[in-house]
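Chains, contacts and geometry: an overview
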Amino acid sequence: MTADRVVEVHADADGVAEAASPRVAEAARRAVAARSRFAIALAGGSTPGPTYTRLAEESRRGDVPWETTEVFWGDERCVPADHPDSNARMARKALLDRVPVPDERIHPIRAWEPDPEVAADLYEREIRRVLAPVGERIPRLDLVLLGLGPDGHTASLFPGTAALEEEDRLVAVVRASEPGLRPPRVERITLTPAAINAARTIVFLVTGGEKAGAVAAVLAERGEDATWPARRIHPADGEVVWLLDEAAAAEIR
Ligand code: 6PG
């Protein structure tokens, strides 16, 4: 474990969700105290589902200031907003339709745009409009939630993709034809490593034995970043927390 990285192992997916909820609340508390708003980027895939459900169930406790929360996503698949593969659709059903986030503070990636490059550009502009005073090179999200694939990808930063090597933009397009993409094999739009690494807090939510090898490779002291993309996630001035279940932690115990 390095100084800026915390690794917690919990019994199962519910334990990971139970540990994630207070981490979100703490990031929100710090953000609101400092900037009167909380900016979060939600993870896609299936793993975050229990965490989103728990956050929705706990919303009446007032731990998360949903009314002053700006909601973004780490990545999106280029499918219609109501498509079963849409990350935004999953988050709306599990969380956003159940908490009082004002519509104008929900900033989905316009992945339904015919041209993914236009969608990526619009999303980058929105991030800068909402988060950054004019001139700040890389705006800072308060919290980025991330998942991890068995190949070590996170968001849509897959091995061998150009997005993984992007150093200037905040948002990049991943073409369905690029090597290393996992299903659904559609165009994707993703935050770049630079955008993620500017975050104040990053929380990885990882469950399941099929992720154990990737967890071990990504957390290892040495390894190939290009082969295990999540190794690229190391914020210059932020905290990285890994919330694992026993199965996903099997190769680091
Ligand atoms: C996506 C996610 C992706 C996901 C991992 C893990 O759009 O699919 O951004 O990075 O977090 O693939 O997916 P599961 O949680 O479904 O295992």
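The model shown is predicted, which means the values in this text are computed figures rather than measured ones. (Residues numbered from 1 in each chain as written. Predicted model: local features only at pLDDT ≥ 70, side-chain atom pairs only at ≥ 80, totals over all residues. Heavy atoms only, no water.)

1. Observations regarding the sheet that holds strand β9 (residues 239-245)
As summarised here, the arrangement of the six strands in space is β1-β9-β8-β5-β2-β3, forming an open sheet in which the pairing is parallel. The sheet is open, and its two edges are formed by β1 (5-10) and β3 (69-73), each paired on a single side. On average, each strand axis in the sheet is tilted by 15° relative to the strand beside it, whichever way the strands run. In the packing of helix α4 (residues 116-131) onto the sheet, contacts are made with β2 (38-42) and β3, and the angle to β3 comes to roughly 160°. (Pairing = 2+ DSSP bridges. Helix = DSSP H or I, 4+ residues; strand = E, 2+ residues; numbered from the N terminus. Axes fitted to C-alpha atoms, helices over the stretch in contact; angles between N-to-C directions. Contact = heavy atoms within 4.5 Å.)

2. Observations regarding the sheet that holds strand β6 (residues 171-174)
An order of β4-β7-β6 is seen for the three strands of this open sheet, with the pairing classed as antiparallel. Each edge of the sheet is formed by a strand with only one pairing partner; in this case those strands are β4 (75-77) and β6. Strand after strand, the sheet turns through a mean of 15° between neighbouring axes, direction not considered. Inspection of the sheet shows β4 paired to strand β7 (residues 188-191) by three bridges, in the antiparallel sense. Looking at the pairing, D75 lines up with T190 of β7. Taken strand by strand, α4 contacts β6 and β7, and its axis lies near 160° from that of β6.

3. Focus: the layout of surface pockets
By volume, the largest pocket amounts to about 430 Å³. Surrounding the largest pocket, 27 residues form its lining, G44, G45, S46, L148 and H153 being those nearest its centre. Of all elements in the fold, only β4 and β5 (143-146) reach the threshold of two or more residues within the lining of the largest pocket. The residue makeup of the lining of the largest pocket, split by class, is ten nonpolar, eleven polar and six charged. (1 Å grid on protein atoms, 1.4 Å probe; cavity = no way out; pocket = protein on both sides within 12 Å on 5 of 7 lines; lining within 4 Å. Points joined across faces, edges and corners; volume = space filled by probe spheres on them. Nonpolar A, V, L, I, M, F, W, Y, C, P; charged D, E, K, R; others polar.)

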